[in-house]
Amino acid sequence: MNHDIIVIGAGPAGLSFTRDMAETGLNVALVEKQAEEILAEPPYDGREIALTHLSHKIMNGLGIWNLIPDEHISLIKTAKVLNGKSPYALSFDHEEVGEETLGFMISNHRIRKAAYESLKSFSNIQILTKKTVSKLGTDNEKGWVELADGERLEAPLIISADSRFSATRRMMGISTSMLDFGRTCIVCTMEAELPHKDTAYECFHYDRTLAVLPMSKNQVSIVITLKSEESAAVLEMSATAFAADIERRAEGRFGAMKLSSELFPYPLVATFAKTFYTNKFAIIGDAAVGMHPVTAHGFNLGLRGAHTLANEMKTALQTGCDFSSRTVLERYSRKHRRASLPLYHGTNALVRLYTKDTPSAKFARRTLLRLGNRIGPAKRLIMNQLTEIKAA
Ligand SMILES: Cc1cc2nc3c(=O)[nH]c(=O)nc-3n(C[C@H](O)[C@H](O)[C@H](O)COP(=O)(O)OP(=O)(O)OC[C@H]3O[C@@H](n4cnc5c(N)ncnc54)[C@H](O)[C@@H]3O)c2cc1C
């Protein structure tokens, strides 16, 4: 065997995990179906990722954060949750947590680029691009993958980070619960006339939700979620009609708005794997937990899980134990389930509540917002979950 670990998928989770293991000196093969040029210069994909304090700490420690120029990092100092047409908002402010910011905003393509760059100097990391894993399997000694071009790789451990629709997870027989919301998320960037004041808005209207997230200067990230059957009509809108529609839905808070990117649709399907490991095989990132984006936790959780697994493996190495053993993988799986299960179910419950427009759901929405503002411990709990300040 010429590799110690095979990582499948060079998305942000696979790249971060590989970087986390790079200094151990283990030989890692990172297999990715996209071309090397795409990893080096990923195209803009509309996703602006809200990062928590814990993610900041992990990315800093891995030397990924410092590869992202300051002008591409925006701060979220205040967050407001609005309900229907009511002016009442559940508000969170960075001063309440005694930090300069509640969180950070960075484009997904910039995270991917920095994570890829962070691996460049490691001779023990081999990145195999334009290679698709088509089959894989494990026995008690090792795992193997077969690539679409017929090449076969073997290693004592296989880690898969090949997205929420992971084909390798299925091939390894890990069953997964999937929740198809029947909704689509459309994201884009817009230029706003009025300053966003580093504030993130989540507006839960009754037909769709609209999030407006602060980016550098007067740019904002727009995230619309709507019934999938309505998405084609939005995607076909002219830039002027789209801008007018967002101005109206944002109730003029940002003045005149102008579309500054194309519109990117993403189907909303949440996934949670029954286990995150099996013999000589583990899943990380969206392959383990695919979150609905409303609570902005997908990559935050993916990074946290990848770091948990890397730490368990490093501890095994330091104590002379087998880093690919069942005990190590089981410990990772248990810890990451504990960290992600409440967030996963909490997010899905929130989505259900905010996509219903029955009188009882409307009443529950109003009540929750007011209780969230008034009950100190509840507010602190939400803030801790969203910012991960305590975990950092
Ligand atoms: C609209 C939207 C907004 C979001 N906002 C936030 C946010 O604010 N905060 C946050 O934390 N998260 C957010 N997320 C979630 C975040 O984008 C994902 O959690 C993250 O991108 C998942 O990374 P990953 O590496 O697990 O998977 P992916 O990015 O899906 O990468 C998987 C990789 O595996 C490769 N691959 C797949 N199959 C194979 C194969 N057979 N062989 C070889 N390679 C393969 C793919 O080419 C790809 O490069 C958002 C998501 C969306 C859709």
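Up top is the structure.
Residues numbered from 1 in each chain as written. Predicted model: local features only at pLDDT ≥ 70, side-chain atom pairs only at ≥ 80, totals over all residues. Heavy atoms only, no water.

Visitor: In this structure, what is going on with helix H3 (residues 53-61)? I would like to understand it.
Guide: Among all positions in H3, only His53, Leu54, Ser55, Ile58 and Met59 are buried. Where H3 ends, the next residue or the one after it, Gly63, has phi of about 75°, a positive value. (Buried < 20%, exposed > 50% of the residue type's maximum accessible area, 1.4 Å probe, protein only. Helix = DSSP H or I, 4+ residues; strand = E, 2+ residues; numbered from the N terminus.)

Visitor: Even after reading the chapter, I still don't get the layout of surface pockets, so can you show me in this structure?
Guide: Summary: where empty space remains is shown by rolling a probe the size of a single water molecule over the atoms. In this structure, the second largest pocket encloses a volume near 250 Å³. Considering the residues around the second largest pocket, the lining is formed by 16 residues, among which His72, Ser107, Arg110, Met215 and Ser216 are closest to the centre. For the lining of the second largest pocket, the secondary-structure elements that each account for two or more residues are strand E7 (103-107) and helix H4 (108-117). In terms of residue count, the dominant contributor to the lining of the second largest pocket is E7 (three residues). (1 Å grid on protein atoms, 1.4 Å probe; cavity = no way out; pocket = protein on both sides within 12 Å on 5 of 7 lines; lining within 4 Å. Points joined across faces, edges and corners; volume = space filled by probe spheres on them.)

Visitor: What exactly am I supposed to notice about the site of the ligand here?
Guide: Residues in close proximity to the ligand total 31 residues, the closest being Ala13, Glu32, Ala50, Asp286 and Phe299. Within the backbone of Asn300, one N or O atom sits 2.9 Å away from an oxygen atom of the ligand. When the ligand sits alone it has 1000 Å² of accessible area, and the protein chains cover 90% of it. Mapped onto the shell around the ligand, the elements with two or more residues apiece are helix H1 (12-22), strand E3 (48-51), strand E13 (176-192) and helix H8 (298-318). In the shell around the ligand, the residues fall into 15 nonpolar, nine polar and seven charged. (Near = heavy atom within 4 Å. Polar contact = N/O pair within 3.5 Å; in protein donor to acceptor, adjacent residues only side chain to side chain. Areas by Shrake-Rupley, 256 points an atom, 1.4 Å probe, with all protein chains shown as cover. Nonpolar A, V, L, I, M, F, W, Y, C, P; charged D, E, K, R; others polar.)

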